[in-house]
Amino acid sequence: MKIGYDAKRLFCNYRGLGNYSRDLVRILSSHYPENNYHLYTPEIKINVPVNKQNTGIFLPKGLYSVLPHSLWRSYGMTNQILKNGDQIFHGLNQELPLGLENSKLKKIITFHDAIFIRYPELYDATYRKIFTIKNKKACAIADKIVAISEQSKRDVIEFFCADEKKVDVIYQGCSNIFREKYSSDFLISTCEKYALPKDFMLFVGAIEPRKNLLNLLHAVFLKKIDFPLVIVGRETEYSKTLQKYCNDVHIQNKVFFLTNVPTADLPALYQSAKLFIYTSVFEGFGIPVLEALLSNTPVITSHGSCLEESGGKFSKYVHSDNVEEMGAAILQVLNDSDLQQFMKREGLKHAAKFTDEKIATKMITLYKNLL
């Protein structure tokens, strides 16, 4: 098979959508090397290793190389896709380029979430309008829609009137570096690199209001939790709000903000943490929760959205707007070593369901059934 992908996020996004794209292409190209995988991107910001024997990278050509990227992604990319003879095109970011609707090739999108509709105040109005139009059109012309969770499946049906019969749930995974067990020397040296205390709680993710970090800090203050918290993520305007709060309530010595942490160091932080906290308001899947479970770290996360799917039955769940409940849950886990061991053991069992083999088999089966 010849399969094309909208790979903009794969080469330009360090966060969830980029991770999903990179992992999917890695999994498929390694487990089904007989296929040809074509990656279409307007530019390359991240150096991503690919299997050169079966994976090609396609950038704008001619006039499109100097025109705005949006024009190539809407029009020029279509010409390259058709010229390359792709049999399937997979839009990894819930949209498809213009012009494919009249072609014979099969069209798929991965639908991640409708957070920009559920929480419009978190997004620019122009972005919401344009992305909503693109999503509606993609859902209408796609032959299949891959939802990354049952929650995402419900959302694409509710908000974009997708035909339920063409929506399949295929869970995502995460990088295999989180499945490895690292030496104690590596864990210690990594923590020393960032001047971290011996024991700490951990958050990893985007530093934005939806991740609910202000409530987490308030819970630490309210319940007088005398245990360090490490927050890992790129610095944003919201970071300043969080740091100001820490200073105002005098917990700045308990909270460590780490920016520009390379992915290679993250497993050591996960595996060193006593507890992982991810009380986001809403997610499409929640990859950091899976990363923590694979790292044998207990998880506290939020009720609602998809997080019960990624976290399993034995992570601890709280309501994201209930600071009292959040703080009590943190203290319960920190103060109960038996509970920690139980959550670690059951968390690993749940995380074992999200294997590369299962993801690859389900996705390739979907592709083959379309053809």
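To be clear, the structure that these remarks concern was listed above.
About the criteria used
Residues numbered from 1 in each chain as written. Predicted model: local features only at pLDDT ≥ 70, side-chain atom pairs only at ≥ 80, totals over all residues. Heavy atoms only, no water. Salt bridge = Lys/Arg side-chain N within 4 Å of Asp/Glu carboxyl O. Helix = DSSP H or I, 4+ residues; strand = E, 2+ residues; numbered from the N terminus. Buried < 20%, exposed > 50% of the residue type's maximum accessible area, 1.4 Å probe, protein only. Pairing = 2+ DSSP bridges. Expected span 1.5 Å × (residues − 1). Arc of directions from axis to C-beta. Contact = heavy atoms within 4.5 Å. Polar contact = N/O pair within 3.5 Å; in protein donor to acceptor, adjacent residues only side chain to side chain. Axes fitted to C-alpha atoms, helices over the stretch in contact; angles between N-to-C directions. Parallel < 35°, antiparallel > 145°, perpendicular 65-115°, else oblique. Nonpolar A, V, L, I, M, F, W, Y, C, P; charged D, E, K, R; others polar. Phe/Tyr/Trp six-rings, centres within 6.5 Å; stacked < 30°, edge-to-face > 60°. Lys NZ or Arg CZ within 6 Å of the ring centre and 35° of its normal.

All told, the structure shown has 19 salt bridges when counted by the stated rule. Of the charged contacts in the structure, one is a salt bridge between D356 and R26, with a shortest N-O distance of 3.0 Å. In this pair, D356 sits in helix α15 (residues 356–370) while R26 sits in helix α2 (residues 16–31), placing the two residues 330 residues apart along the sequence. Assessed through its relative accessible area of 6%, D356 is described here as buried. As a salt-bridge pair, K134 and E95 come within 3.4 Å of each other at their nearest N and O atoms. Here E95 lies in the loop between β4 (88–91) and β5 (106–111) and K134 lies in helix α5 (residues 125–141), a separation of 39 residues in the sequence.

With that out of the way, let us pick up the pairing of strand β1 (residues 2–6). In terms of burial, β1 is a largely internal element, four of the five residues being buried. The sheet contact formed by β1 and strand β2 (residues 36–40) spans five bridges and is parallel. When the sheet's bridge partners are listed, K2 is paired in β2 with N36.

Our next topic: α5. Taking 1.5 Å per residue as the helical rise, α5 with its 17 residues ought to reach 24 Å, and the 25 Å between its terminal C-alpha atoms agrees with that figure. Buried within α5 are the following residues: F131, T132, N135, A138 and C139. The buried residues of α5 all sit within an arc of 140° when viewed along its axis, so they share a single face. Exposed residues pointing more than 90 degrees away from the buried face of α5 are listed as K129, I133 and A140. Where α5 is buried, its residues meet β5, α4 (115–118), β6 (144–147) and α6 (150–160). Regarding α5, its N-cap is D124, as a side-chain oxygen of that residue lies 3.0 Å from the backbone nitrogen of T126 further along.

The next subject is the environment of L334. Looking at the element boundaries, L334 is found in helix α13 (residues 323–334). Residue classification places L334 among the buried positions, given a relative accessible area of 16%. Spatially, the C-alpha atoms of L334 and I225 are 9.6 Å apart, while their sequence positions differ by 109 residues. Apart from the residues lying within four places of it in its own chain, the contact partners of L334 are M201, I225, F227, K274, L275 and Q340.

It is the contact of helix α8 (residues 213–222) with helix α9 (residues 237–248), at a shortest axis distance of 10 Å, that shows an interaxial angle of 10°. One way to sum up the angle between α8 and α9 is to call them roughly parallel. Contacts from L213, L214, L217, H218 and F221 in α8 reach Y238, L242, Y245 and C246 in α9. Per-class residue counts for the contact of α8 with α9 are eight nonpolar, one polar and no charged.

Ordered in space as β10-β9-β8-β11-β12-β13, the six strands form an open sheet in which the pairing is parallel. The sheet is open, and its two borders are formed by β10 (255–258) and β13 (316–318), each paired with just one other strand. Neighbour-to-neighbour, the strand axes of the sheet open up by a mean angle of 25°, direction not taken into account. Direction of pairing for strand β12 (residues 299–302) relative to β13: parallel, over a ladder of three bridges.

A separate point is the packing of aromatic side chains. Summed over the entire model, instances satisfying the criterion amount to 19 aromatic pairs. Ring geometry for Y40 against F89: centres 6.2 Å apart, planes inclined by 50°, an arrangement best described as tilted. Here Y40 is found in strand β2, whereas its partner F89 is found in strand β4, with 49 residues between them in sequence. Across the pair, exposure class does not vary: Y40 and F89 are buried alike. In this structure an aromatic cluster arises from ring pairing among F111, F116, Y123, Y127, F131 and F160. The ring of Y14 carries the charged tip of R234 above its face, separated from the ring centre by 4.2 Å.

So far we have only geometry, and geometry alone does not tell us how the molecule works.
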